[in-house]
Amino acid sequence: MNLDEKTPLIGMTPDELRAAAAEAGLPKFAGGQIAQWLYEKRADSIEQMTNLSNVGVARLVVQYCVGLQEPTAKAVSADGTVKFLFPATERALDVEAVYIPDGDRATLCVSSQAGCKMACEFCMTGKQGWHGNLTAAEILNQVLSVDAMAMRGELPNRLTNIVFMGMGEPLDNLPAVMRAIDVLTAKWGLAWSPKRITVSTIGKLRELKQLIEGTKAHIAISVHSAMPQLRQKLMPAEKAYPVRDVMRLLRNYDFAHQRRLSVEYIMWRGVNDSLRHAEALAKLIEGTSARVNIIPFHAIPGVEMEPASMADMEAFRDRLNDLGVTATIRASRGQDIMAACGMLAGKSKNSNKQL
Ligand code: SF4
């Protein structure tokens, strides 16, 4: 059995680890010890788990591996952003994760799918189509491998935040995303505060409700236009999941206190950058406590739309502020290495594309 055929332990809950331990003839409490090695001590091999019996370790390694896989390529931006390529076993497309240092913090933008089904007009990932869901282990591997690099001094800061804004629609792979969030936030896992995690989505309604009720992560909704016809042109998912219905659902939950709700708004010249669009957006999100992130567009091959001017973005922001909506223009990071919003494209296993 080669490594690819072994079952990764990362992503497993203590109950599942107890069952794996029992199968290997280890006492059940060894499940808790394995969880500690994986999530607290960050072991990268089963052999490092020195408080397990030698016989138990020998049995475990036949069927299981820790599941950490280093990135196969990286590109470093002039602004310190680093884009990593991670293998997605058995999919035609590898996936990208983006490390964004900021002062003494660092955010990792993780992928949840190899490609995406949502076909947003402005997105490189959308243009590649869908090549499969990542497992919770593959999502967690992006976090644990990059954090391990920071622990070894290869990156400036340990990870402080995770955003599910890389390749894929997280709510299209909800079980794996929820499991990854569980491991990141559980006391037996990495014990992170859920306030360090943001899930960005187009707003699949049933799954959004499950995510809001099943986790405490922050939520970001990709809106990009408050006008249904225009949004449907930009984001075909508007047809199945109208953004008005998404906002109606969000009004049922409290985002004014512990939990943050944001609206993502990529802005294009002459498309969605007028004050009329700002007013429509303010009306759309009324009663939700959402804040608006205005995101500069980055030109990508095959898309003719152009970025809005800074003056128009500022006027849009100011109009929203006048209407009582908190709005900011997000600083662009990693554009020179194609790591900014909408630019992630993964790598086809059949191509020679360099990162
Ligand atoms: S913007 Fe997000 S949801 Fe839309 S195609 Fe790209 S990855 Fe998918």
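Since this is a predicted model, take the numbers as computed values, not measurements.

## Some details on the overall build of the protein
Then comes step 1: Along the backbone of the protein there are eleven helices and 15 strands.
Then comes step 2: On the principal axes, the C-alpha backbone points of the protein span a range of 70 × 45 × 40 Å.
Then comes step 3: The burial tally for the protein puts 46% of its 355 residues in the buried class.
Then comes step 4: Sequence separation of 24 or more characterises 67% of the internal contacts of the protein that already satisfy a separation of 6 or more.

## Let's talk about the domain arrangement of the protein
Then comes step 1: In terms of domains, the protein is made up of domain 1 (3–65) and domain 2 (73–348).
Then comes step 2: The distance between the C-alpha centroids of domain 1 and domain 2 comes to 33 Å.
Then comes step 3: Taken together, the contact between domain 1 and domain 2 spans eight residues of the former and 13 residues of the latter.
Then comes step 4: Looking at the side of domain 1 that touches domain 2 residue by residue, the class counts come to five nonpolar, one polar and two charged.

## Brief notes about the site of the ligand
Then comes step 1: For the ligand, the full set of nearby residues is C116, M118, A119, C120, C123, T125, G126, M167, G168, E169 and I202.
Then comes step 2: In the shell around the ligand, the residues fall into seven nonpolar, three polar and one charged.

## Describing helix α9 (residues 243–250)
Then comes step 1: Restricting attention to buried positions, one finds in α9 the residues V243, V246, M247 and L250. Across the axial projection of α9, the buried residues extend over an arc of 95°, all falling on one side.
Then comes step 2: In the core, the buried residues of α9 are packed alongside α7 (205–214), β11 (218–222), α8 (228–234), β12 (261–267) and α10 (275–284).

## Considering the pairing of strand β6 (residues 105–109)
Looking down a regular strand, the side chains alternate between one sheet face and the other.
Then comes step 1: Taken across its five residues, β6 has four buried, putting it largely inside the fold.
Then comes step 2: As judged from the five bridges shared by strand β5 (residues 93–102) and β6, these two strands associate in the antiparallel manner. From the neighbouring strand, P101 faces β6, where its bridge partner is A106.
Then comes step 3: As consecutive antiparallel partners, β5 and β6 are separated by two residues, and within that stretch G103 has a phi angle of approximately 60°, a positive value.
Then comes step 4: The pairing of β6 with strand β9 (residues 161–164) spans three bridges and is classified as parallel. When the sheet's bridge partners are listed, L108 is paired in β9 with I162.

Rules behind the numbers
- Residue positions are given per chain, counted from 1 along the sequence in the order it is written.
- Local features are withheld for residues below a pLDDT of 70 in this predicted model, meaning they are given only at 70 or higher, and side-chain atom pairs are given and counted only at 80 or more; totals for whole chains, interfaces and linings count all residues.
- Numbering of helices and strands starts at the N terminus; helices are DSSP runs of H or I of at least 4 residues and strands are runs of E of at least 2.
- Whether a residue is buried, exposed or partly exposed is read from the other C-beta atoms within 10 Å of its own C-beta, which are placed from the backbone; 20 or more gives buried, 12 or fewer gives exposed, and intermediate counts give partly exposed.
- What counts as a contact here is a pair of residues whose C-beta atoms, placed from the backbone, lie within 7 Å.
- An automatic or database domain assignment provides the domain bounds reported here.
- The classification used treats Ala, Val, Leu, Ile, Met, Phe, Trp, Tyr, Cys and Pro as nonpolar, Asp, Glu, Lys and Arg as charged, and all other residues, Gly among them, as polar.
- Working rule for contacts: place C-beta from the backbone, and if it is within 6 Å of a molecule or strand, that residue counts as near it.
- Think of the arc as the fan of directions from the helix axis to the C-beta atoms.
- When DSSP finds two or more bridges between two strands, those strands count as paired.

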